[in-house]
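Reading the structure
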Amino acid sequence: MSEKWEIVGKAKKSKSSVAMKDSPDKKGSSGLGKKPTYEEILPKYALKNIRIDNVNKENKKPNNGTVKSAKKVEKVNQPQPAKVKGVSVPRKPANIEAAFEQFNTADLDADIEVMKANFPNNHLVWLKGLCAYLNSKLNVKNQPSLTDKPANYPSNIVPENVKAIIYNLLNEAGHANVQYFFDQTLTSLAMDLSNNVNCIGHSILLQLIAHEWPTVCVQNLAKNAILRNSYQNRSSIGLSLLWALGQGGYKDATVGCRVWQNIMVPVLEMKSYSKWVCEYVYRMLNAANDSINLVQSEFFTIFDELLLQRNGLPKDCQKLLTSSASVFLSKYIKSASKLHNVFLTLFKRLNAPKTIALEPALIECLVEESECFKVWKMHYRKNIVESKQLLSYLGRNWTNLPSSIKQNPNLKDFLGYIQLQNGSFKPQDQQVHEEIIESVQSIQGLQEKSQKKTKSSSSICPWLFGSFLLIGIISSLLAYDTHIHGGVFAKSATGKFLQQTGTLPYVEVAWTKTMSTSARGYQWAEKNVPVYVNQTCTAVQPYTAFLRDAGIVGWNFVLDRCEAVKLVVLEKTPIVVNFIDQYAPGFPLKIQEFSISLWKGLCSSSAYVYHSSCDFFKTKVFVGNLSPENLSKALNQTQIAAAEYYSWFHKKVDAYAKIQ
């Protein structure tokens, strides 16, 4: 024990000890020519503390000079970064974006190859090594909860080549290993944050795994709840755990709802979690897909939690939960299979105190599933007050309702059913029943009006067709009248009538303007339309080739399936024939003989029809006016006439196009 140095802070030095330090015996006992210094014996950090303590002891009265001297001593003893001539030491990045700018993908590939060589087929070691590599290279200040960033941060700033490497490693590991790695990384994230160790790599891997495999967030909810309980009093760590578990909800609303219900609701009323938890469920429901695959009991549990009025929550958080409840209800109705059960539960809640309007959701149920009308009809007499509220809503908001509910025959039948229900009502319900009858009559009137409007709008089409037909007939009569009077419009009966009334010059001017504009339009189309057609063909060509290749692949697939079916038939036919022959001897032989005779009859009939058709065309059709010579002459004359007409048409177009 005597060989070790022990220093007790703030111990007063005696004069004898000072004398011993300066004595010649001490100097000689060292075996060297000089006294050992403190730097040679004590660590640097101990020396630094001793010097500062000595300065404070010698200067008991605080003044500016002593403070400056202490700071100067501390500054001198601080370790300075090593500076190498010609080599620039990289600075620590300020954020994750700057860290990824210095990231080297080649080093990551090499590191992974080394791990694979040292630990073959050990996927968990590879993933842990990848996580350690990211933590070491992304050496920035921890941002555990990332609440002030977008929902997809920091995965949105990860380079695509780095993402590809990560996803390849995760896919090689398989779902079971990924699930285990996710749970272990979640625990490591909490421990590293507790020890203030760099853990940005944990956050990135957890987010990428949750986005690609959302169900990993809900596989071990009980274990994750225990982990949350362990760190919920340290809000920075608790928020980071909630953030990591909630990432799967942005891709799958079902996962997000279960995580919110089981992990986040227990800490909802804690002051440091309230705002983030309320904002999460609102962002998640608006960002995720529309499919919510929850059983009805789960749905109403979460729905009631969203609508529950909590005194400990701020008003803005309560509004977010209420808005989230409306979105949650609408998305669940669009994806639920048995809506009539949901309709009945919501229908019975109409008269209860509520924070959101349930009538739009009930209307949506009626639109999506006609079975809801039957449920409403069955529970009409037991829930007459709720029926009154829903019918009143229908009457007030008729113009804003979708056409599918306005013209729904089930609604019309239900309204007729209500009018027939004039049986015995309780005295207290009699007035409500009368109000219902008034609402029904008003809705029926609105229905009739909408049907009349539909009929009037559908009658536009015949009028439009009749107008075009009338214009075509008039144009044909005018053309015939002009043709029989030498092709001069002024000499025709119509032209003479217009000339007598004095409107012929105006008609000629309007006709000339119309023909001139049409001619210029035709010339523009003749010049530019082929160019646009070629551009369209060029743009569509890859898609056409893809469709052609897809068709070939599909046709080959069908042929392969047909060959497989053919082989199966050939293989099973003897077995089936033997089986039938056991119970009906001779029956397969009769079927075979009948099939052969039928096939011979079809072949002979087809040959007879073919020969008869050939004889008919030779003797009746291809002779006289329909002989090949006459047909070729007619074709040539048609081509000559078409060429002459095309030339005449172009001359007319050029002539009219020059008229201004």
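Cut-offs and rules
- Residues numbered from 1 in each chain as written.
- Predicted model: local features only at pLDDT ≥ 70, side-chain atom pairs only at ≥ 80, totals over all residues.
- Heavy atoms only, no water.
- Helix = DSSP H or I, 4+ residues; strand = E, 2+ residues; numbered from the N terminus.
- Buried < 20%, exposed > 50% of the residue type's maximum accessible area, 1.4 Å probe, protein only.
- Contact = heavy atoms within 4.5 Å.
- Phe/Tyr/Trp six-rings, centres within 6.5 Å; stacked < 30°, edge-to-face > 60°.
- Lys NZ or Arg CZ within 6 Å of the ring centre and 35° of its normal.
- Patch = residues over 30% accessible without salt bridge, like charges linked within 9 Å, V, L, I, M, F, W, Y side chains within 5 Å.
- Areas by Shrake-Rupley, 256 points an atom, 1.4 Å probe, with all protein chains shown as cover.
- Salt bridge = Lys/Arg side-chain N within 4 Å of Asp/Glu carboxyl O.
- pLDDT = per-residue confidence, 0-100.
- Expected span 1.5 Å × (residues − 1).
- Axes fitted to C-alpha atoms, helices over the stretch in contact; angles between N-to-C directions.
- Parallel < 35°, antiparallel > 145°, perpendicular 65-115°, else oblique.
- Left-handed = near helix turned anticlockwise from the far one by under 90°.
- Nonpolar A, V, L, I, M, F, W, Y, C, P; charged D, E, K, R; others polar.

Moving on, we come to the overall build of the protein. Across its full length, the protein carries 29 helices and zero strands. For the protein, the proportion of its 660 residues judged to be buried stands at 31%. When contacts within the protein are restricted to residue pairs at least 6 apart in sequence, those whose partners lie at least 24 apart make up 73%.

Moving on, we come to unusual backbone geometry. One non-glycine residue, N121, lies in positive phi territory at about 60°. As for its placement among the helices and strands, N121 is situated in the loop between helix 7 (105-118) and helix 8 (123-137). For N121, a relative accessible area of 69% translates into the label exposed. Phi is positive for N196, close to 60°, though the residue is something other than glycine. Its location among the elements puts N196 in the loop between helix 10 (175-194) and helix 11 (200-212).

This next bit is on the environment of I436. On the secondary structure map, I436 appears in helix 24 (residues 427-458). Residues I436 and L415, spaced 21 residues apart in sequence, show a C-alpha to C-alpha distance of 9.9 Å. Other than its neighbours up to four places away in sequence, I436 contacts Y380, I384, S387, K388, L391 and I418.

Counted under the stated rule, the structure contains ten aromatic pairs. Seen in terms of ring centroids, Y250 and Y280 are 5.7 Å apart; in terms of plane orientation they differ by 85°. Their pairing is edge-to-face. Here the residue Y250 occupies a position in the loop between helix 13 (235-245) and helix 14 (253-264), and Y280 occupies one in helix 15 (residues 274-287), the gap between them amounting to 30 residues. Residue Y250 is classed as buried on the basis of its relative accessible area of 10%. Between F343 and F347 the ring centres are 5.7 Å apart and the planes differ by 10°, which places this aromatic pair in the stacked class. Pair noted here: F343 and F347 are both in helix 18 (residues 339-348), with a separation of four residues, about one helical turn. Per residue, the accessibility class of F343 equals that of F347, and both read buried. Through successive ring pairs, a cluster of aromatic residues spans F299, F300, F303, F328 and Y332. A cation sits over an aromatic face here: K116 above W126, 5.4 Å from the ring centre.

What follows concerns a nonpolar patch on the surface. A contiguous nonpolar surface patch, about 620 Å² in accessible area, is contributed by V576, F579, I580, Y583, F587 and I591. Those elements that provide at least two residues to the nonpolar patch are helix 27 (504-583) and helix 28 (587-621). Examining the composition of the nonpolar patch, we find that four residues originate from one element, helix 27, more than from any other. With respect to the secondary-structure elements, I580 resides in helix 27.

Let us now look at the confidence of the model for the protein. Averaged over every residue, the pLDDT of the protein is 75; residues scoring 70 or more account for 78%. Element-level mean pLDDT values for the protein span from 40 in helix 4 (residues 44-58) up to 91 in helix 14. Residue range residues 10-89 is modelled with pLDDT below 50. Its contacts to residues more than four positions away, or to other chains, number 28 contacts.

Bringing helix 10 into the picture now. For the α-helix, the turn length of 3.6 residues means that residues three or four positions removed from each other point alike. Over its 20 residues, helix 10 extends 29 Å from the first C-alpha to the last, a length consistent with the 28 Å expected when each residue adds 1.5 Å. Listed as buried for helix 10 are V178, Q179, F181, F182, D183, T185, L186, L189, A190, D192 and L193. Packed against the buried residues of helix 10 are helix 8, helix 9 (160-173), helix 11, helix 12 (221-231) and helix 13. After helix 10 finishes, the residue N196 shows a positive phi value of roughly 60°.

By the secondary structure assignment, Q179 is in helix 10. Since its relative accessible area comes to 9%, Q179 is described here as buried.

Closest axis-to-axis distance for the helix 10/helix 13 pair is 10 Å, and the angle between their directions is 160°. In terms of axis orientation, helix 10 runs roughly antiparallel to helix 13. For the pair helix 10 and helix 13, the sense of crossing is right-handed. Residues F182, L186, L189, A190, L193 and S194 of helix 10 form the contact with helix 13, whose own contacting residues are I237, S240, L241, A244 and L245. Here the residues of the contact of helix 10 with helix 13 are counted per class, giving nine nonpolar, two polar and no charged.

This paragraph deals with the pattern of salt bridges. Between side chains of opposite charge, a pair can form when the charged atoms approach closely. According to the stated counting rule, one finds seven salt bridges in the structure shown. The partner of E269 in a salt bridge is R310, with the nearest N and O atoms 3.7 Å apart. With a gap of 41 residues between them, E269 in the loop between helix 14 and helix 15 and R310 in the loop between helix 16 (296-307) and helix 17 (315-335) connect regions that are remote in the sequence. By relative accessible area, R310 is classed as buried at 8%. For D304, the salt bridge identified is with R349, shortest N-O distance 2.9 Å.

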